[in-house]
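Architecture and fold: a report
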Amino acid sequence: GLTLKGYQTVPVISYHRFSKDKTDPTTVTEKAFEEQMRFLKEHGYHVITMDELFDFLDFKKQIPKKSVVITIDDGWRSTYDIAFPILRKYGYPATLFVYTDFIFQSSKTTLDWDLLREMARNGISVQCHTKTHRYLDRRVGRESFKEYFEAVKKDLVESTRLIKQRLNS
């Protein structure tokens, strides 16, 4: 990543929700998402995995110039219905950070484990966002530091364990 002209930066593009036609600060429309993915392709960007980014940051591997990473947070069903087909169309990998208390069977608004397994088999890396979507940077109520530390540890460990168990990874 170091050259005579400087160093390489890697933008991480983060999404939360997708919609056919409505937007808000955390929701992008299907049309806009498609346009953004097309822009990346037409302008010579290379979408890389989070693992490739970490290998680059650890000086283990080079990555192409104009590399970007795509991440999606939480586990909304629109990730499967809208983003996933577009990502597959362009052959782009992405990392999906789910909080496991949010994953329900047969929900119309959230992902379920069957959909996550399908996505994981097709270029989407499913990772821990925590178990409960707790804010990790602050204590809750009168929680002692030890209670806070144990709660954060449990949130991360349980979520990671469940993802590995459910996705056989």
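The following paragraphs examine the structure supplied in this document. (Residues numbered from 1 in each chain as written. Predicted model: local features only at pLDDT ≥ 70, side-chain atom pairs only at ≥ 80, totals over all residues. Heavy atoms only, no water.)

**Overview of the environment of V28**
Considering the arrangement of structural elements, one finds V28 in strand β5 (residues 27-29). Residues V28 and F18 lie ten residues apart in sequence; the distance between their C-alpha atoms is 5.0 Å. When neighbours within four sequence positions are excluded, V28 is seen to be in contact with Y15, R17, F18, S19, F33 and Q36. (Helix = DSSP H or I, 4+ residues; strand = E, 2+ residues; numbered from the N terminus. Contact = heavy atoms within 4.5 Å.)

**Regarding helix α5 (residues 145-167)**
For α5, built from 23 residues, the straight-helix expectation of 33 Å at 1.5 Å per residue is met to within 8% by its first-to-last C-alpha distance of 33 Å. Those residues of α5 that sit buried are Y148, V152, D155, S159, I163 and L167. Buried residues in α5 make contact with β8 (94-99), α4 (113-120) and β9 (124-130). Looking one or two places after α5, you find N168, whose phi comes out positive at around 55 degrees. (Expected span 1.5 Å × (residues − 1). Buried < 20%, exposed > 50% of the residue type's maximum accessible area, 1.4 Å probe, protein only.)

**Points about the pattern of salt bridges**
Summed over the entire model, instances satisfying the criterion amount to ten salt bridges. Here E30 and K20 are joined by a salt bridge, their closest N and O atoms 3.1 Å apart. With E30 in helix α1 (residues 30-42) and K20 in the loop between β4 (17-19) and β5, this pair connects stretches of sequence that are ten residues apart. On the basis of relative accessible area, K20 is assigned to the exposed category, the value being 56%. Here R138 makes a salt bridge to D137, at a shortest N to O gap of 3.2 Å. Among the residues examined, D137 registers a relative accessible area of 57% and is labelled exposed. Linked through salt bridges whose partners overlap, the residues forming this network are E34, R38 and K89. (Salt bridge = Lys/Arg side-chain N within 4 Å of Asp/Glu carboxyl O.)

**Some words on the pairing of β8**
When you tally the buried positions in β8, you get five out of six residues, the bulk of the element. Pairing analysis gives four bridges linking strand β7 (residues 67-74) to β8, with the strands arranged parallel. Counted as the bridge partner of T71 is T95 from β8. Handedness of the β7-helix α3 (residues 78-90)-β8 crossover: right-handed. Pairing of β8 with β9, which is carried by six bridges, proceeds in the parallel orientation. Note on β9: the bridge partner recorded for A94 is I124. (Pairing = 2+ DSSP bridges. Right-handed = clockwise from strand over helix to strand, strands pointing away.)

**Focus on the environment of F84**
For F84, the position within the fold is in helix α3. Its relative accessible area of 4% is what places F84 among the buried residues. For the pair formed by F84 and P11, sequence separation is 73 residues and the distance between their alpha carbons is 20 Å. Non-local contacts of F84, meaning those with residues more than four positions away in its chain, are made with T79, E118, M119, N122 and I124.

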